[in-house]
Amino acid sequence: MKKHLSVLFLLLSCLVVLSACSIGSQDEVSKDKTYKVGIDVTYPPFEYKDGDTYKGIDIDLIKAIAKDQGFKIKFEAMDFSGIIPALQANQLDVAIAGMSITPERKKVVTFSDPYFKAGLILVVKKDENKIKSVDDLKGKKVAVKKGTTGAKYATDNADKLGITVTQFNDSPAMFQEVKNGNAAALIEDYPVISYANKQQNLGLKLVGDRLNGDNYGIAVLKGENEELMKKINKGLANLKENGEYDKIVDTYLK
Ligand code: GLN
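The rules behind these values
Residues numbered from 1 in each chain as written. Predicted model: local features only at pLDDT ≥ 70, side-chain atom pairs only at ≥ 80, totals over all residues. Heavy atoms only, no water. Near = heavy atom within 4 Å. Polar contact = N/O pair within 3.5 Å; in protein donor to acceptor, adjacent residues only side chain to side chain. Areas by Shrake-Rupley, 256 points an atom, 1.4 Å probe, with all protein chains shown as cover. 1 Å grid on protein atoms, 1.4 Å probe; cavity = no way out; pocket = protein on both sides within 12 Å on 5 of 7 lines; lining within 4 Å. Sits in = over half its atoms within 2 Å of the grid points. Pairing = 2+ DSSP bridges. Helix = DSSP H or I, 4+ residues; strand = E, 2+ residues; numbered from the N terminus. Right-handed = clockwise from strand over helix to strand, strands pointing away. Expected span 1.5 Å × (residues − 1). Bend = angle between axes of the 7 residues up to and from the residue. Buried < 20%, exposed > 50% of the residue type's maximum accessible area, 1.4 Å probe, protein only. Contact = heavy atoms within 4.5 Å. Axes fitted to C-alpha atoms, helices over the stretch in contact; angles between N-to-C directions.

**Student:** So what exactly am I meant to see when it comes to the site of the ligand here?
**Tutor:** Around the ligand sit 13 residues, and of these Gly98, Arg105, Lys145, Thr149 and Asp189 come closest. At 2.7 Å, a side-chain N or O of Arg105 approaches an oxygen atom of the ligand. Expressed as a share of its isolated accessible area of 290 Å², the protein-covered part of the ligand is 100%. When atoms are counted within 2 Å of each cavity's grid points, the one that captures over half of the ligand is the largest cavity.

**Student:** Please explain the pairing of strand E11 (residues 164-168) as it appears in this structure.
**Tutor:** Bridge analysis of strand E10 (residues 141-145) against E11 gives five bridges, and the strand direction is parallel. Its bridge partner being in E11, Val142 is matched across the sheet by Val165. Regarding topology, helix H4 (residues 149-161) serves as the crossover connection from E10 to the parallel E11, and that connection is right-handed.

**Student:** Before we go on, may I ask you to explain H4 in this structure?
**Tutor:** Turn by turn, an α-helix covers 3.6 residues, leaving residues three or four places apart pointing in a common direction. The end-to-end C-alpha separation of H4 is 17 Å, in line with the 18 Å expected for 13 residues at 1.5 Å each. Where H4 bends most, at Thr155, the angle is about 30 degrees. Listed as buried for H4 are Thr149, Gly150, Ala151, Tyr153, Ala154, Asn157, Ala158 and Leu161. In this structure, the buried residues of H4 make contact with strand E9 (120-125), E10, E11 and strand E12 (185-189). Phi turns positive one or two residues past the end of H4, at Gly162, with a value near 70 degrees.

**Student:** Please explain the sheet that holds strand E4 (residues 53-55) as it appears in this structure.
**Tutor:** The pairing of strands in a sheet happens through backbone hydrogen bonds and is either parallel or antiparallel. Here three strands make up an open sheet; going across it, the order is E2-E3-E4 and the pairing antiparallel. Only two strands of the sheet have a single neighbouring strand rather than two, namely strand E2 (42-43) and E4. Taken together, the three bridges between strand E3 (residues 47-50) and E4 define a ladder with antiparallel strand orientation. Across the sheet, the residue bridging to Asp50 is Thr53, located in E4.

**Student:** What exactly am I supposed to notice about the side chain of Thr148 here?
**Tutor:** The residue Thr148 is located in the loop between E10 and H4 in this model. A distance of 2.6 Å separates a polar side-chain atom of Thr148 from the backbone oxygen of Lys145.

**Student:** Would you take a moment to explain the sheet that holds E9 for this structure?
**Tutor:** Ordered by their spatial adjacency, five strands build an open sheet running E11-E10-E12-E9-E13, and the pairing between neighbours is mixed. For this open sheet the edge positions go to E11 and strand E13 (204-207), each flanked by a neighbour on one side alone. Along the sheet, successive strands turn relative to each other by an average axial angle of 35 degrees, direction set aside. The sheet contacts of helix H5 (residues 171-179) involve E9, E10, E11, E12 and E13, and relative to E12 the element is tilted by about 150 degrees.

Listed below in structure tokens is the structure:
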């Protein structure tokens, strides 16, 4: 009887150890797994579609990180506002989308080390001369993109500034609204709008000082893929050190 009990005990301990191992391994980075990376392809120079291929700083950066650290990735393009919900629904493993590191988002995601300094800026039509800063917006309509830091800035300050906020699913639709004169201004990330305005001849202009100093980070869901995040940070540091990070940025911002 005693012998039987000790065998049983042994078996049970094995089981406990085994299950503990398998729980641990769920977060381990697998070479065979293909990690799904959420992107917002309305966001050049960080991410955009060129024919059938995805291009941009974020695209090249995450590809280079994956190569450096030996994991496989696959891109999933979606509206920016859908990206954090998709991480929460486990439909994505990673997000890189010109996403600003914010305290609210930090409650649900883990961000990488910052990889780009951006910040919000006010944008009006080229021939608009009265609006020189957010203080000149009283009674005006302001276009923003859903789920962004620009949308948060506008809605948080709507009463104070006396503005009406209209929300769009993507950046081009928001630019169009101001170009058409349907909205007096928009709020967008500085590097994105200055690039688009030049490249696409949007007929818009950037006014005033940057409204904040956001930094972009790569995200995973908090408590998931934390091992992968360690690799992402390691890869990012390697690319910064070996000059590849600068090469990627220069490819798009020269
Ligand atoms: N940087 C902004 C944010 O994080 C906008 C990102 C985007 O539109 N892709 O909210």
